[in-house]
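Residue-level structure breakdown
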Amino acid sequence: MISFSVSNILLMIQIIMAELVFLYHCPKRKKFILRLACTIGLCILLSYFFPMLNYRNVFYDFFRFNYFFLITAAGMIFCFNIKIFAIISLCVSGYAVQHFAHRLSILIFMNPSVYIVLMKNYDFASVVLTATYYPLINLAAYFIFGRLVKKYEYYTTFDKLQSIIAIILMLVCTGISRFIPQNVPYSVWIATSLYAMTCCIFALIVQFYIYRKKYLESEASMIKQLWLKDKDQYSLTKANIDTINIKCHDIKYKLSAYKGRLPDEELDSLQMAVSFYDSVIKTGNEVLDTILTEKTFLCEKENINITFMGDGKLLEFISAVDAYSLFGNAIDNAIEASLKIEDKEKRVINFTVEQRGEFLFITVMNYFNSEINYYNGYLKSTKDDEKGYHGFGIKSMQIIANKYAGNIDYSQEQNIFTLSIWLHKPDYNK
Amino acid sequence: MRIAIVEDIDAEAEILSDCLKKFEKENNIEITITAFKKATDFLGAYNNDYDIVFFDIEMPDLDGMQAAKKLRKIDKFVTIIFVTKMAQAAIEGYEVGAIDFVVKPVNYNSFALKFKRAMSRLSVGIENDVLIKTETGFVRVSSARIIFLDVLGHYVTFHTTEGDFTEQNTLKNIENRLAEYQKNFAKCNRCYLVNLKFVRSIENNEVIVGDHKLPVSRSYKKSFLTRLSKYISGSAKGE
């Protein structure tokens, strides 16, 4: 006997609600509301016209649930703009929540005395539950797991393997439930429900824990990559500068032999051109000197004036790469902000290092164009978009500062940006 | 705000003075400028009367760096800014605890940036005399002269450059009274409120403030260092 039933629609609604708990924060496709409306409409339609059997059949049940799951997943793919595997993964999470809720409801409501009352008004009871109980469970699921989707950006960092594991887990969990015959003692219902609920929770915890780990790993690896890039760049830059410096000195020496043989003016201008690198300030710290020398051409050309005051030798305890990353970052940023200022007279950067016993205090100040909120990308601590490299400036600087038992702070006041770094200098001797 | 300029070349002193006047107008503050042509004149007449001193490095007889060293012997905390033709000459200004230096010819914007930082560390422009009710009567002291405060039981002691004064009060009340000047103070410990200007060193979990050594507690260490960092950078804001 075949008949159509409201219970199919209710099941569909429950599944969609639960899936949305996890997909809520995911990037949406254009005309999302329209797409979602169509999806929900279509799914409900398909569920209503899905034939109902009057007798219980294991394979029918199994097929029904998975068919529903698949069409909602397809609908979600239509609505959200993330990878298919990610959608399926999150839909499975939703499915796990729905199944958990269903099993819990059996525990609560299948009490023999309650059961009799419910069976008389099965459809009505189901509607009430779908409207109240299921949303409540979904809300709880959102606060426990759903929020994490945004926090750890699961839709970009998921893993195919874990998705497959999650899917298998869920199919097993829900599939096995179907084997339970209808007329078993209430105690069997309790036992199987508890097993199912535990299984669902377990699947969710494992899924989200793995997600979190992957996210942290990928962020750490990105920062490490940038660090290594800085390391290579530093070696290259230093080697170049050293070579050029030596050549310049050679030329200067040879030029002095030409005194008297070339007009003085010419000789002087040649000497000046060649002593370009000598005019760069020597901070007492090799890395800082390298950074500043590296930027000399650009600064000369764009009229950016950097002044430095402090004992560069104090910074020797910082490893070359860390120093290059930290200060290179700070100076790069100050220079980029300066370039965006129209008035060339305002392109000044102030760099100071002060000591208070075991602690060093570094300040980098510059003007910035307040019309362009340049610092948005630089200061954000999470990945901005797929390209992902924005915003690591401050974060990677903070990691380095923390490494030396210090910290970073910044402030934007009117049109002045101030970066404050403090570090602990080990082996302090008075 | 009281500024001293020690510069042998009149024209240069004039330029610096103009920058100060421009800054004064743009930032709505009051500056009095006293100029000296010779460092010896300045040092001879020195009586803690200035907030910021500009020293030209390239001067005949006593040059700026030497003069600053002599100044430090009598005043460890006054703000010093060097003025020089060559940046390299002033880098070692840290040795005399100079806050910064300006390169000639003076670029107003560069000057303004540095001066702002110096000014922020002084909290100038704010009327901040504190009236202390001691057992023997009232004492009026400028907040700038408070080195640190400590609380013992119901009594707060003001350690100032003009002596120590005790008042029956709570640290919390005093913090409120310091009001706008508060950004220059930070707690290194539950019972010590330190004027960051007088912090000379932090070593072995102790902070040397003026001539006193105060313990820095573990729970206050991070916030103290953060406040100190902001103070030094000139980006501290009142709370």
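Sequence positions are assigned chain by chain, starting from 1 and proceeding in written order. All chains are assigned letters beginning at A, and all ligands numbers beginning at 1, according to the order in which they are written. Local features in this predicted model are restricted to residues whose pLDDT is 70 or higher, and side-chain atom pairs enter the listing and the counts only when it is 80 or higher, whereas totals over whole chains, interfaces and linings include all residues. To obtain the side-chain values, all non-hydrogen atoms of the structure were used and water was disregarded.

**Some details on the overall build of chain B**
Segments assigned H or I by DSSP are reported as helices when at least four residues long, segments assigned E as strands when at least two residues long, and all are numbered from the N terminus. Helix and strand counts for chain B stand at seven helices and 15 strands. Only protein chains enter the area calculation, which uses a 1.4 Å probe; residues under 20% of their type maximum are buried, those over 50% are exposed, and those in between are partly exposed. By residue count, 54% of the 239 residues in chain B fall in the buried class. Every residue pair with non-hydrogen atoms within 4.5 Å of one another is taken to be in contact. Counting contacts in chain B only where the partners sit at least 6 residues apart, residues at least 24 apart contribute 54% of the total. All accessible-area figures derive from a Shrake-Rupley calculation using a 1.4 Å probe, and residue coverage is judged against the displayed protein chains alone. Carbon together with sulfur atoms contributes 48% to the accessible area of chain B, which is approximately 11,300 Å² in total.

**Considering the overall build of chain A**
Looking only at helices and strands, chain A has 15 helices and seven strands in total. In chain A, the share of contacts with a sequence separation of at least 24, taken over all contacts with a separation of at least 6, comes to 76%.

**Digging into the sheet that holds strand β15 (residues 212-215) of chain B**
The strands that make up a sheet are held in pairs by hydrogen bonds between backbone atoms, and each pair lies either parallel or antiparallel. All names here are of chain B. Here a strand pair is declared whenever DSSP counts at least two bridges between the two strands. Taking strand neighbours across the sheet as the criterion, the three strands line up as β13-β14-β15 in an open arrangement whose pairing is antiparallel. Looking at the sheet topology across the chains shown, the edges are occupied by β13 (199-203) and β15. This sheet shows a mean twist of 25° between the axes of neighbouring strands, independent of strand direction. Taken together, the four bridges between β13 and strand β14 (residues 206-209) define a ladder with antiparallel strand orientation. Paired with V199 across the strands is V209, a residue of β14. Lines fitted to C-alpha atoms define the axes here, with helix axes fitted over just the stretch in contact, and angles between the N-to-C directions of these axes take values from 0 to 180 degrees.

**What to know about the interface of chain B and chain A**
The figure often quoted for interface size is the accessible area lost as the parts come together. With 38 residues of chain B at the interface, the matching set in chain A holds 38 residues. Buried surface at the junction of chain B and chain A, summed over both partners, amounts to about 3,200 Å²; 57% is from carbon and sulfur atoms. Every case where a carboxyl oxygen of Asp or Glu lies within 4 Å of a side-chain nitrogen of Lys or Arg is listed as a salt bridge. Across the chain B-chain A interface, the total number found is three salt bridges. Between B:K230 and A:D409 there is a salt bridge, with its nearest N and O atoms 3.2 Å apart. Polar contacts, as used here, are pairs of N or O atoms within 3.5 Å; protein pairs need one atom able to donate a hydrogen and one able to accept it. Residues neighboring in sequence count only if both atoms are side-chain atoms. Where chain B meets chain A, there are 17 residue pairs in polar contact (both at pLDDT 80 or more). Elements supplying a minimum of two residues to the side of chain B that touches chain A: α4 (87-90), β5 (100-103), α5 (108-120), β13 and α7 (218-233) of chain B. Take the side of chain B that touches chain A: its biggest share by element is nine residues, from α7(B). For the side of chain B that touches chain A, the per-class residue count stands at 16 nonpolar, eleven polar and eleven charged. Buried area: the sum, over both parts, of the accessible surface (1.4 Å probe) that disappears when the two are put together. Side-chain classes are defined by residue name, with Ala, Val, Leu, Ile, Met, Phe, Trp, Tyr, Cys and Pro counting as nonpolar, Asp, Glu, Lys and Arg as charged, and the others, Gly among them, as polar.

**Overview of the pairing of strand β3 (residues 305-309) of chain A**
All names here are of chain A. Within β3, four of the five residues are buried, which leaves the element mostly enclosed by the surrounding structure. Of the pairings in the sheet, the one linking β3 to strand β4 (residues 348-356) comprises five bridges and is parallel in character. Bridge pairing links T307 to N350 in β4. Here is how to tell: hold the view so the strands point away, follow the path from the first strand over the helix to the second, and if it runs clockwise the crossover is right-handed. The β-α-β motif built from β3, the intervening helix α13 (residues 320-339) and the parallel element β4 has left-handed crossover chirality.

**Here we look at the nonpolar core**
All names here are of chain A. For this analysis, a nonpolar core means a set of buried residues of the types Ala, Val, Leu, Ile, Met, Phe, Trp, Tyr and Cys, connected via side-chain atoms within 4.5 Å. In terms of nonpolar packing, the biggest core is built from 52 residues, with F22, L23, C26, F80, I82 and V149 touching the most fellow members. Elements that contribute at least two residues to this core include exactly α1 (6-23), α2 (32-48), α3 (58-79), α4 (84-109), α7 (133-151), α8 (154-157), α9 (160-177) and α10 (186-256). Ranked by residue count, the leading element in this core is α4, at ten residues. With 39 residues, the next largest nonpolar core counts I306, I335, L360 and I421 among its residues.

**Brief notes about a negative patch on the surface**
Residue and element names in this part refer to chain A. Exposure above 30% relative accessible area and the lack of any salt bridge qualify a residue for a patch; like charges then connect within 9 Å, and the nonpolar side chains Val, Leu, Ile, Met, Phe, Trp and Tyr within 5 Å. When charges are counted, neither His nor the chain ends are considered; positive counts come from Lys and Arg and negative counts from Asp and Glu. Charge positions come from single atoms, namely NZ of Lys, CZ of Arg, CG of Asp or CD of Glu. A cluster of acidic residues, E342, D343, E345 and E371, forms a negative patch at the surface. With respect to the helices and strands, E345 occurs in the loop between α13 and β4. Accessibility expressed as a relative area gives 43% for E345, which makes it partly exposed.

**Structural notes on unusual backbone geometry**
B:P105 follows B:K104 through a cis peptide bond whose omega is -5°. Phi angles above zero are rare outside glycine, and A:N303 is one such case at about 65°. If you trace the backbone, A:N303 turns up in the loop between α12 (286-302) and β3. With phi around 60°, B:N205 is a residue other than glycine that occupies positive phi space. Tracing the chain through its elements places B:N205 in the loop between β13 and β14.

**A few points about helix α1 (residues 10-27) of chain B**
Residues and elements named next belong to chain B. Multiplying 1.5 Å by the residue count of a helix minus one yields the expected span of that helix. Spanning 18 residues, α1 covers 26 Å between terminal C-alpha atoms, matching the ideal 26 Å at 1.5 Å per step. Along α1, the residues that are buried comprise A13, L16, S17, C19, L20 and F23. Mapping the buried residues of α1 onto a view down its axis gives an arc of 155°, with all of them on the same face. The outward face of α1, more than 90 degrees from its buried face, is lined by the exposed residues K25 and E26. Where the residues of α1 are buried, they touch β1 (2-6), β2 (32-36), β3 (52-56), β4 (79-84) and α5. In the segment just after α1, N28 is the residue with positive phi, at about 55°. In this description, the arc belongs to the directions extending from the helix axis to the C-beta atoms.

**Considering α1(A)**
Between its first and last C-alpha, α1(A) extends 26 Å over 18 residues, near the 26 Å set by a 1.5 Å rise per residue. Most of α1(A) is tucked away, with 14 of its 18 residues classed as buried.

**Details of the sheet that holds strand β8 (residues 146-152) of chain B**
All names here are of chain B. Overall, antiparallel pairing links the five strands, which are arranged β10-β9-β8-β12-β11 in an open sheet. Edge positions in the sheet fall to β10 (163-168) and β11 (185-189), since each of these pairs with one other strand and no more. Averaged over neighbouring strand pairs, the angle between their axes works out to 20° when direction is ignored. Pairing geometry for strand β9 (residues 155-160) and β10, over six bridges, is antiparallel. Note on β10: the bridge partner recorded for F158 is F165. Taken strand by strand, helix α6 (residues 171-178) contacts β8, β9, β10, β11 and β12 (192-195), and its axis lies near 155° from that of β8.

**Some remarks on the confidence of the model for chain B**
Each residue carries a pLDDT value, the predictor's own confidence for that position, ranging from 0 to 100. Summarising the model, chain B shows a mean pLDDT of 89, and 95% of its residues fall at 70 or more. Both scores are available for the predicted complex, with the pTM at 0.67 and the ipTM at 0.93.

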